[in-house]
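Notes for the structure review
Here are the chains, one letter per residue:
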There are 2 protein chains.
Amino acid sequence: MTEKLTGAAGREYVANAIRQALRAGDLVPGQRLVELDLAEVYGTTRGAVREALQDLAAEEIVEIVPRRGARIRAVSVEEAVQITECRSALEQLCARKAAGRASDEQRAELRRIGADMRQAVADGAWDTYSALNQRLHELVIEASGQEVARRQLERLNGPMVRFQFRLALRPGRPAQSLPQHLAIIDAVAGADPEAAARAVAAHLDDVIEQLRASATGASAPRV
Amino acid sequence: MTEKLTGAAGREYVANAIRQALRAGDLVPGQRLVELDLAEVYGTTRGAVREALQDLAAEEIVEIVPRRGARIRAVSVEEAVQITECRSALEQLCARKAAGRASDEQRAELRRIGADMRQAVADGAWDTYSALNQRLHELVIEASGQEVARRQLERLNGPMVRFQFRLALRPGRPAQSLPQHLAIIDAVAGADPEAAARAVAAHLDDVIEQLRASATGASAPRV
DNA sequence: ATCAACGAGATTGTTGACAAGATGTTCCGA
DNA sequence: TCGGAACATCTTGTCAACAATCTCGTTGAT
C-alpha cells in the first residue's frame, strides 16, 4: 500500500475503485471527478487516472466534457428501461442457445441454484439470493457460448448499478422474482429453447415494470 | 491541410481515418499500427494517435497488447456469426418498436426506400442498393427511438466491415436480399410488430447462412 | 545446420512541466 | 442590493524528453 501504483496497473485499479465506489453509493450521479484528487486518493499518477476515466467513459459510467472534466453520468428511468429492453433481447438469445447446448454439469448447477434460491427466499437470506441471482445470469450466458453477447451485456450493466441497488431493496421483491427465475431454470435445464426465451422475456418485462413504478415511487433520484 | 491536427481534434480524425482505411481494404487484419508512423502520416502527434487507438480498441477494431502496440483485430467467422446473432436480437427489438411508433413520414420514407430498392436491383445499381440498405437499417433504428440499442449496434458493426465487404460482393446477393428487405419494410410500415421482428430475424438468419458459406468459400481470409 | 546468447535499433510507456481554458471571488458602480 | 468586470485559482490538455521493453538480425558455439 505504500507503493505507488503506476501506469497500466493503476489504470485498472482506479477504474475498479470507482466502479466499486459507485456500487457502494459513495459516488452520486453528477459528481465531479477531479483527476489530481483521485490520483492522490488512490496513490497513482494523474496519467493513470486519466486513462481510467477514459475507460469508464467508454462504459458510459462517467461523462467527460472537454476542458471540464469527468462526472458520474446520470441515468434516467427511460434510459434504464431501454437498457433493460436491450438486456432482454440479448439474454433471450443467450437463454435460447443455452437451452440447446448447455452441458450436463451446467444443467445440474442450474437446478442446484434453483433449489438454493428457494431456500434463500424461505430463509429471508437476501444477500444469498442476490448472489445466486447473479450467478444464474452468468451461468446462462456462459452456457450459451455467446462471447459477444456476454461482452455487450457487461457493458450494458455498467450504468445500471444504481438502479439495481434501488430495485433490490423493494420489499417482497425476491418473492416476486423467484418463480420467474425458476421458470428460466426449468426451461434452460429442460432444454426448451422457446420456453427459455419466453421466461427471460417475462422476467425482464417485470423488471421494466418495477423500474417504471420506481420512477414515481418514494426513492426517486433527484438529478 | 498544412496545419497540424493536434490533440482532441486529431484524435477523432485519426480514428476515422483508420476506420476508413479498413473499409477501403488498405489495412488488413493483423497489421501493426505504429504510433509514430501514423502520427507522421496523418500529421498529428503521437499522443493523439495513442488516444485514437484506445478508442478503436474500445470498439474492438484494434487489439492493443501492452508493450507491443496495436494491430488490426482479426474477426473469425464464428465471431462474425455471433455478432450477427446479437445484431438480430437488437434489431428485432428495434423493428418491433418501430412498427408501433414510427411517424407517418417515417413510414412513407420506408415505402419510398422499398420502391427505390426494387428499382436499384432492376437496374443493377449496386452502390445505390447498398446505400439504401444502410439507410433502411438506420431508419428502422431511428424510428424505434431506442438510443441504447442504436449505440450497441454501432459498436457491433465496427469489427464487421471486412465481412460486409466480402458479403456484398457475392453475385446475386442483392436479388436474394431484396424480398427480405421488402418484408421488413411492409411489416414496419404496416404497423405489425411481430411480423417486423420475424422479417428481421429471417433476414439476419440468411446473412448468417451466407457468412457460414463464405467460410469455406473461395475468398477465405488468410490470417 | 541449429540454437542460444547478445546487442542495436525500434517502439511503447511514463513523467513532469507548461499552456490554455473554466470556475469562483472580490470589488466597484449604479 | 444587484450586476458585472477584473482577477486569482483550480483543472484539464498538450507536449517533449526520457525510461523501459521488445524485436530482430548477428554471431558464435555445439
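Analysis parameters
- Residues numbered from 1 in each chain as written.
- Chains lettered and ligands numbered in written order.
- Predicted model: local features only at pLDDT ≥ 70, side-chain atom pairs only at ≥ 80, totals over all residues.
- Helix = DSSP H or I, 4+ residues; strand = E, 2+ residues; numbered from the N terminus.
- Buried ≥ 20, exposed ≤ 12 C-beta atoms within 10 Å, placed from the backbone.
- Domains from an automatic or database assignment.
- Contact = placed C-beta atoms within 7 Å.
- Nonpolar A, V, L, I, M, F, W, Y, C, P; charged D, E, K, R; others polar.
- Pairing = 2+ DSSP bridges.
- Axes fitted to C-alpha atoms, helices over the stretch in contact; angles between N-to-C directions.
- Least-squares fit on C-alpha atoms with pLDDT ≥ 70 in both.
- Expected span 1.5 Å × (residues − 1).
- Near = placed C-beta within 6 Å.
- Core = buried A, V, L, I, M, F, W, Y, C linked by C-beta atoms within 7 Å.
- pLDDT = per-residue confidence, 0-100.

Looking now at the overall build of chain A. Tallying secondary structure elements over chain A gives 10 helices and 3 strands in all. Listing each helix as α and each strand as β along chain A from the N terminus yields α-β-α-α-β-β-α-α-α-α-α-α-α. Principal axes of the C-alpha set define a box for chain A whose edges measure 55 × 40 × 30 Å. Expressed as a percentage of its 223 residues, the buried residues of chain A come to 33%.

With that out of the way, let us pick up the domain arrangement of chain A. When the parts come together, some accessible area is lost, and that loss is often what is quoted as the size of the interface. Residues and elements named next belong to chain A. For chain A, the domain assignment lists domain 1 (7-72) and domain 2 (77-216). Domain 1 and domain 2 are separated by 29 Å when their C-alpha centres are compared. Contacts between domain 1 and domain 2 engage 5 residues on the former and 4 residues on the latter. Looking at the side of domain 1 that touches domain 2, its residues break down into 2 nonpolar, no polar and 3 charged.

All names here are of chain A. The strand order across the open sheet built from 3 strands is β1-β3-β2, with neighbouring strands paired in antiparallel fashion. Whereas interior strands pair on both sides, the edge strands pair on one side only; in this sheet they are β1 (32-33) and β2 (62-65). Relative to strand β3 (residues 69-72), β1 is paired through 2 bridges, and the arrangement is antiparallel. Residue Leu33 lies in a different strand from β3, and its bridge partner there is Ala70. Contacts between helix α3 (residues 46-58) and the sheet are confined to β1, β2 and β3, with β2 contributing the most and set at about 115° to the helix.

Let us look at the interface of chain B and chain A. Of the residues lining the interface, 18 residues belong to chain B; the matching set on chain A comes to 18 residues. Broken down by secondary-structure element, the contributors of at least two residues to the side of chain B that touches chain A are α3 (46-58), α4 (77-101) and α7 (147-157) of chain B. Residue composition of the side of chain B that touches chain A, by class: 10 nonpolar, 5 polar and 3 charged.

This part is about the relation of the copies chain B and chain A. Expressed as a screw operation, the relation of chain B to chain A combines 0.0 Å of axial shift with a rotation of 180°, fitting to an RMSD of 0.1 Å. Such a turn and shift between the copies fits a two-fold axis. Nearest to the rotation axis, the C-alpha of B:Ala89 is located 2.7 Å from it, this being the minimum over chain B.

The next subject is α3(A). Residues and elements named next belong to chain A. Between its terminal C-alpha atoms α3 stretches 18 Å, which fits the 18 Å expected from 13 residues at 1.5 Å a residue. Ala48, Val49, Glu51, Ala52, Leu53 and Leu56 are the residues of α3 that are buried. Check the buried side of α3 and you find it contacts α1 (7-24), β1, α2 (35-42), β2 and β3. Following α3 by one or two positions, Glu60 adopts a phi angle in the positive range, close to 65°.

Taken together, 14 residues sit near DNA strand D, with A:Glu35, A:Gly69, B:Thr6, B:Gly7 and B:Arg67 positioned nearest. Residue assignment for the surface near DNA strand D shows that the elements contributing at least two residues are α2 of chain A together with α1 (7-24) and α3 of chain B.

Before going further, it helps to spend a moment on the pairing of strand β2 (residues 62-65) of chain B. Judged from the 4 bridges that link them, β2(B) and strand β3 (residues 69-72) of chain B form a sheet pairing that is antiparallel. Across the sheet, the residue bridging to B:Ile64 is B:Ala70, located in β3(B).

Ranked by size, the top nonpolar core spans 72 residues in total, and within it A:Ala95, A:Val188, A:Ala196, B:Ala95, B:Val188 and B:Ala196 carry the most contacts. Residues contacting A:Val188, with those up to four places away along its chain left out, are A:Ala95, A:Ala98, A:Ala99, A:Ala102, A:Leu110, A:Val140 and A:Ala196.

Burial along β3(A) is one-sided: the face carrying A:Ala70 and A:Ile72 is buried and the face carrying A:Gly69 and A:Arg71 is not. Between β2(A) and β3(A), which follow one another and run antiparallel, lie 3 residues, and A:Arg67 among them has a positive phi close to 65°.

Attention now goes to the protein's contact with DNA strand C. Close contacts around DNA strand C come from 13 residues, with A:Thr6, A:Gly7, A:Thr45, B:Glu35 and B:Gly69 the closest. Elements represented by at least two residues in the surface near DNA strand C include exactly α1 of chain A together with α2 (35-42) of chain B. Here the residues of the surface near DNA strand C are counted per class, giving 4 nonpolar, 5 polar and 4 charged.

On to the confidence of the model for chain A, then. Per-residue confidence for chain A gives a mean pLDDT of 92, with 95% of residues at or over 70. Throughout residues 218-223 of chain A the model reports pLDDT below 50, and contacts reaching past four residues in sequence, or to other chains, amount to 6 contacts.

Residues and elements named next belong to chain B. If you walk across this open sheet you meet the 3 strands as β1-β3-β2, and the pairing is antiparallel. Strands at the two margins of the open sheet, each flanked by one partner only, are β1 (32-33) and β2. Sheet contacts for α3: β1, β2 and β3; angle to β2, the most-contacted strand, approximately 115°.

Attention shifts here to the environment of B:Gly7. Relative to the assigned elements, B:Gly7 resides in helix α1. Once the C-alpha coordinates of B:Gly7 and B:Arg162 are considered, the two residues, 155 residues apart in sequence, prove to be 29 Å apart.

In an α-helix, one full turn covers 3.6 residues, which means residues spaced three or four apart are oriented alike. Residues and elements named next belong to chain B. Spanning 17 residues, helix α9 (residues 173-189) covers 24 Å between terminal C-alpha atoms, matching the ideal 24 Å at 1.5 Å per step. Within α9 the residues assigned to the buried category are Ser177, His181, Ile184, Ile185, Ala187, Val188 and Ala189. Where α9 is buried, its residues contact α4, α5 (104-123), α6 (126-144) and α10 (193-216). Two residues or fewer past α9, Ala191 is found with a positive phi of approximately 60°.

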